Every structure is written in C-alpha cells, then in structure tokens.
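Observations on chain architecture
The chain contents come next:
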Amino acid sequence: MYPTLQHGDYLAIEFTKKIKAGDIILFNNNQDQTFTVHRVLRYKNSSYITRGDNNRAKDNFLVKPNLIHGKVIYLIRNSKKIYVLNGFLGYILHYILILRKIFSFVCSKFYRQIMRLL
C-alpha cells in the first residue's frame, strides 16, 4: 500500500460493512490466514476486487463481505494524524499512483536508450 501507507503507521479502522470502490479495507486473507489492507476496486458477484496501491495487478482472490473488518479512516505517522482518501477520491488517487509508476518506468527505459547512443 506504499506510498499511502508506510511501515510503522498505526491505522484507525472504522468497523463498518458499508464499503465502496476506493475504500481502503482491512480483511482476513483466506489464502495465508493473515490480515491484509488493500484498496477496493469494485464489487462483483457478491465479492470485492482489491489491489494494493503499489501493486500492478489486482489481487488473485475475491474478498467476501464477511471477511472484512472495516475501512481505514486515518493513520498516525510520526505522531501526526493523516486522513486517507476513501471512496471516489481514493479510487482516483489509486489510478494516479499507477500511472505515475508506468510513466516512471517508460521514462527510465527511454533514458537508458539515449545513454546507450551517447
């Protein structure tokens, strides 16, 4: 979930079942029996499709509503309270972060090609 969430952040969770696209949720991951925090992309076939903000691909599993503990409202980093973007704005932020990664990758490839020519 980097850069939205960083190692050492404390998360404030609102225990709710009202989840929408763009929300950052805490859920039980049935694949390895751990807690996971990822952003909701959409609701499909009675399950949620999720992805971490720093991941290129969406998760290879669906999250059932009964596995969700709640959504992240804010985090505490270096004694500062920082509210996270949920809902539509969170959804937009997620895609901006993905586009930034793609742009950075393309630019680095282009830069390497130019350096080879010099």
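Refer to the structure above for everything that follows.
Counting of residues starts from 1 at the beginning of each chain's written sequence and follows it residue by residue. Side-chain atom pairs in this predicted model are given and counted only at pLDDT of 80 or more, local residue features only at pLDDT of at least 70, and totals for whole chains, interfaces and linings cover all residues. To get the side-chain values, all heavy atoms of the structure are used, and hydrogens and water are removed first.

**A closer look at the pattern of salt bridges**
Stated precisely, the cut-off is as follows: Salt bridge, as applied in this entry: a Lys or Arg side-chain nitrogen positioned within 4 Å of an Asp or Glu carboxyl oxygen. Each helix is a run of H or I in the DSSP string that is no shorter than four residues. Each strand is a run of E no shorter than two, and both are numbered from the N terminus. Partly exposed describes any residue whose relative accessible area lies between the buried limit of under 20% and the exposed limit of over 50%, with all areas from a 1.4 Å probe on protein chains only and scaled to the type maximum.
Inspection of the entire model under this criterion finds 4 salt bridges. Of the charged contacts, one joins Lys71 and Asp23 as a salt bridge, the two residues approaching to 3.6 Å between their closest N and O atoms. Here Lys71, found in strand β5 (residues 68-77), pairs with Asp23, found in the loop between β1 (10-14) and β2 (24-29); they are 48 residues apart in sequence, far enough to count as distant. Like Asp23, Lys71 is buried. For Asp53, the salt bridge identified is with Arg39, shortest N-O distance 2.9 Å. Linking Asp53 in the loop between β4 (47-51) and β5 with Arg39 in strand β3 (residues 34-44), this pair joins segments that are 14 residues apart in sequence. Overall, Asp53 belongs to the buried group, its relative accessible area being 1%. Given a relative accessible area of 0%, Arg39 falls into the buried group. Where salt bridges share partners, they join Lys20, Asp23 and Lys71 into one cluster.

**Some details on the environment of Gln31**
The cut-off we apply is this: In what follows, residue pairs with any heavy atoms lying within 4.5 Å of each other are defined as contacts.
Among the secondary structure elements, Gln31 is positioned in the loop between β2 and β3. Using a relative accessible area of 53% as the deciding quantity, one classes Gln31 as exposed. In contact with Gln31, other than residues within four places in its own chain, are Asn60 and Phe61.

**As for unusual backbone geometry**
Of note in this structure, Asn45 is not a glycine but carries a positive phi near 50 degrees. Following the sequence through the fold, Asn45 ends up in the loop between β3 and β4. For Asn45, a relative accessible area of 62% puts it in the exposed group. In this model, Ser46 sits at a positive phi of 65 degrees, which is unusual for a non-glycine residue. Mapped onto the elements of the fold, Ser46 is located in the loop between β3 and β4. Assessed through its relative accessible area of 46%, Ser46 is described here as partly exposed.

**Observations regarding the pairing of β5**
The line we're drawing: The pairing criterion is simple: DSSP has to find at least two bridges between the two strands.
One ladder, built from 5 bridges, connects β1 with β5; its direction is antiparallel. Its bridge partner being in β5, Ala12 is matched across the sheet by Tyr74. Taken together, the 3 bridges between β2 and β5 define a ladder with antiparallel strand orientation. Opposite Phe27, over in β5, you have Ile68 as the bridge partner. Here 4 bridges tie β5 to strand β6 (residues 80-83), and the two strands are oriented antiparallel to one another. Its bridge partner lying in β6, Ile76 is registered against Lys81. From the end of β5 to the start of β6, which pair antiparallel, there are 2 residues, and Asn78 there has a positive phi angle of about 50 degrees.

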